[in-house]
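Each chain, written out:
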Amino acid sequence: MPISLAIITYNEEENIVRLLNSLADTADEIIIVDSFSTDKTKEICTQQYPQIKFFEKKFNGYGEQKNHALNLCSHEWVLFLDADEVPDEDMKKSIKKIVSSENPEFNVYMAKFNNHLGIHLIKYGGWGNVYRDRLFKKKCARYSDDKVHEFLITDQKSGLLDGRLDHYTYKSIHHHVSKINKYSDMMAEKMFERGKKINRFKIIVSPIFEFIKVFIFKRGFLDGFPGFYIAKTMSYYTFLKYIKLREKIRLSENEQNTVK
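Numbers given for residues are sequential positions, taken from 1 along each chain in its written order. Reporting in this predicted model follows two pLDDT cut-offs: at least 70 for local features of residues, and 80 or more for side-chain atom pairs to be given and counted; totals over whole chains, interfaces and linings ignore these cut-offs and use all residues. In computing side-chain properties, one takes all heavy atoms of the structure into account and sets aside hydrogens as well as water.

Engineer: Just checking my understanding: could you explain the packing of helix α5 (residues 173-193) against helix α7 (residues 225-259) for this structure?
Structural biologist: Helices that pack against each other are described as a pair by the angle of their axes relative to one another and the distance between those axes. Axes here mean lines fitted to C-alpha atoms, for a helix over just the part in contact, with angles spanning 0 to 180 degrees between N-to-C directions. Helix and strand assignments come from DSSP, with helices taken as H or I runs of at least 4 residues and strands as E runs of at least 2, each series counted from the N terminus. Two elements in contact, α5 and α7, have axes separated by 8 Å at closest approach and are oriented at 40°. In terms of orientation, α5 lies oblique with respect to α7. Judged by the sense of rotation from one axis to the other, the crossing of α5 with α7 is right-handed. Two secondary-structure elements touch here, α5 through I173, H176, I180, N181, Y183, S184, D185, M187, A188, E189, M191 and F192 and α7 through Y229, T233, Y236, Y237, L240, K241, Y242, K244, L245, K248, I249 and S252. Under the convention adopted here, Pro, Cys and the residues Ala, Val, Leu, Ile, Met, Phe, Trp and Tyr are nonpolar, Asp, Glu, Lys and Arg are charged, and Gly plus all remaining residues are polar. When the residues that make up the contact of α5 with α7 are grouped by side-chain class, the tally is 14 nonpolar, five polar and five charged. Angles below 35 degrees are treated as roughly parallel, those above 145 as roughly antiparallel, those between 65 and 115 as roughly perpendicular, and all remaining angles as oblique. Working rule for handedness: look at the near helix, and if it is turned counterclockwise from the far one by less than a right angle, call the crossing left-handed; if clockwise, right-handed. When checking whether two residues touch, look at their non-hydrogen atoms; a contact exists if any pair is within 4.5 Å.

Engineer: Just checking my understanding: could you explain the pattern of salt bridges for this structure?
Structural biologist: Two side chains bearing opposite charge may form a pair once their charged atoms approach each other closely. Whenever a carboxyl oxygen of Asp or Glu lies within 4 Å of a side-chain nitrogen of Lys or Arg, that contact is scored as a salt bridge. Applying the stated criterion to the full structure yields 15 salt bridges. Its salt-bridge partner being K96, residue D25 comes within 3.6 Å of it at the nearest N-O pair. Placement of the pair is D25 in the loop between α1 (16-22) and β2 (29-34) and K96 in helix α4 (residues 89-99), with a sequence separation of 71 residues. Throughout, exposure labels follow a simple rule: accessible area from a 1.4 Å probe, protein chains only, divided by the maximum for the residue type, with under 20% read as buried, over 50% as exposed, and the rest as partly exposed. Residue class for K96 comes out partly exposed when judged on its relative accessible area of 36%.

Engineer: Would you mind going over the packing of aromatic side chains with me for this structure?
Structural biologist: Each aromatic ring pair is characterised by the separation of its centres together with the angle its planes make. Each Phe, Tyr or Trp ring (for Trp, its six-membered ring) is paired with any other whose centre lies within 6.5 Å, and the angle between the two planes then decides the class: stacked below 30 degrees, edge-to-face above 60, tilted in between. Evaluated as defined, the whole model comprises 12 aromatic pairs. Note on F211 and F228: the rings are 5.9 Å apart at their centroids and 80° apart in plane angle, and the pair reads as edge-to-face. You can see F211 sitting in helix α6 (residues 200-217) and its partner F228 sitting in helix α7, a full 17 residues away along the chain. Since its relative accessible area comes to 32%, F228 is described here as partly exposed.

Geometric values such as these leave the question of function open.
This is the structure we're talking about:
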């Protein structure tokens, strides 16, 4: 059966070529939904890859954006990847075998990740045993509507693809910190919309515990300095999302008091 490759993008000029070149002989249809990139993402996709179906949509959250891309896919099987992910040869062979089978064992398949931090392959700290849904039949799954940390909603049991999915997490420390700032904004908004409360104790203690969990309990120290960097940035992300939530709650309370 034919397969659709779906990708959502925003300023991915440094990643998208690597992914598209890797899957040129695997995907029968390529759907890209872009959030009005300001770099050369659109130019690369539309001029270098004429077979791509390129769409633009305002970004309102990852869940909504992914479901929009999913709706645009015309084939039964969908391989949904991030622009900074690339399947290795074993995984590509596994994908081709599954979609060409008349009776595949599963309708949803997970991929095991190789997470790269710059030039370093991270094996611990919770990064070395990551599995995520990436290949599925369109009729069997949808994404949650979460603005961030969306997940695949399905009632199907998942199989496991052979091989690994290489995930290149960031191109520089500046890029990584920018992503942390963006994700913490969206996570704070998500928690605020769900009515989550926060207190000073949790804001102070949670980042400390996050560092200990990642660096000690999940053995991030075995990755050396990169493991320390991950633990520190995860701690920073935890602090940011909670302090931003507190700020949103206080601003909302001030607005309500002003109205009264």
